[in-house]
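# Examining the three-dimensional arrangement
Each chain, letter by letter, is given below.
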Amino acid sequence: KVTERFADRRAEVVPFLMTIIRDVDELYHEGSLGGGDAPINAVTLLGEWQIAEAAPLLLNLLEDEHMDVLYDSAAYALEQMPPETIDTILEFGQNEAHAMDAMFILSKVGKGDERSFEFICKVFERRTKQLDIITVAECLAINNVTKAETFLQEKARHKRFRRYQEDFRKIIDEVKAGLWG
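Structure report, in brief.

The rules we used
Residues numbered from 1 in each chain as written. Predicted model: local features only at pLDDT ≥ 70, side-chain atom pairs only at ≥ 80, totals over all residues. Heavy atoms only, no water. Axes fitted to C-alpha atoms, helices over the stretch in contact; angles between N-to-C directions. Helix = DSSP H or I, 4+ residues; strand = E, 2+ residues; numbered from the N terminus. Parallel < 35°, antiparallel > 145°, perpendicular 65-115°, else oblique. Contact = heavy atoms within 4.5 Å. Nonpolar A, V, L, I, M, F, W, Y, C, P; charged D, E, K, R; others polar. Buried < 20%, exposed > 50% of the residue type's maximum accessible area, 1.4 Å probe, protein only. Phe/Tyr/Trp six-rings, centres within 6.5 Å; stacked < 30°, edge-to-face > 60°. Expected span 1.5 Å × (residues − 1).

## Section: the packing of helix H9 (residues 130–143) against helix H10 (residues 145–156)
Taken N-terminus to C-terminus, the directions of H9 and H10 make an angle of 140 degrees; their axes are 6 Å apart at the nearest point. Between H9 and H10, the interaxial angle falls into the category oblique. Two secondary-structure elements touch here, H9 through Ala137, Leu140, Ala141 and Asn143 and H10 through Val145, Ala148, Phe151 and Leu152. Residue composition of the contact of H9 with H10, grouped by class: seven nonpolar, one polar and no charged.

Structure, rendered in structure tokens:
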């Protein structure tokens, strides 16, 4: 694999990858070097290598509506980041506009982390749409299935969430069976 050949040169390669993403607008166009895919490939490699110092740059890509071409790649790269990025992601998620993005990322990066679980619980409390409630329940279970089971059982007792009881049970069972996350 080509990325393995560069692994021992990370100190040189990482700043170059970050420059491709940050400063070189011309590389986003189809007619450019790499056919417009150089930034996507740079984002992907930063995620594969779990380059923690790239997290703020990748989070900025999620914020920038002009960078929608990189959104999915940046989100996936962030999900691969090491746990030392949790604080940065939690801070990003304090903006309600980014809470769902942060939640998805923290369900994986912050797997088992108490602060990440509590953040996802707060996101859950603020959801009103059925799809959002189910999605957040899935992230809770991926983050910590044992705590999620207790949390979701408690929530299912309340009128607001009672109708989701079977959905919650199915999510927990599927995560326990290894079908998720």
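This is not the end of the story, as more comes after the structure.
## Considerations on the side chain of Lys155
Along the polypeptide, Lys155 turns up in helix H10. On the basis of relative accessible area, Lys155 is assigned to the buried category, the value being 15%. Contacts of Lys155, omitting those with residues within four sequence positions, involve Phe124, Glu125 and Phe161.

## Describing unusual backbone geometry
Backbone phi values are negative for most residues with the exception of glycine, while trans is the configuration of most peptide bonds. Positive phi outside glycine occurs at Gln50, with the angle close to 55 degrees. Its place among the elements puts Gln50 in the loop between helix H3 (38–48) and helix H4 (55–63). The exposure class of Gln50 is partly exposed, given its relative accessible area of 42%.

## Observations regarding the packing of aromatic side chains
The final tally for this structure, using the stated rule, is five aromatic pairs. Taken together, a centroid distance of 5.4 Å and an interplanar angle of 80 degrees make the contact between Phe124 and Phe151 edge-to-face. In this pair, Phe124 is assigned in helix H8 (residues 114–126) and Phe151 in helix H10, connecting sequence segments 27 residues apart. Like Phe151, Phe124 is buried. Of the aromatic side chains, those joined through ring pairs into one cluster are Phe117, Phe124, Phe151, Phe161, Tyr164 and Phe168.

## What about helix H11 (residues 165–176)?
Taking 1.5 Å per residue as the helical rise, H11 with its twelve residues ought to reach 16 Å, and the 17 Å between its terminal C-alpha atoms agrees with that figure. In this structure, the buried side of H11 is in contact with H8, H9 and H10. With its phi angle positive at about 85 degrees, Gly178 sits one or two positions after the end of H11.

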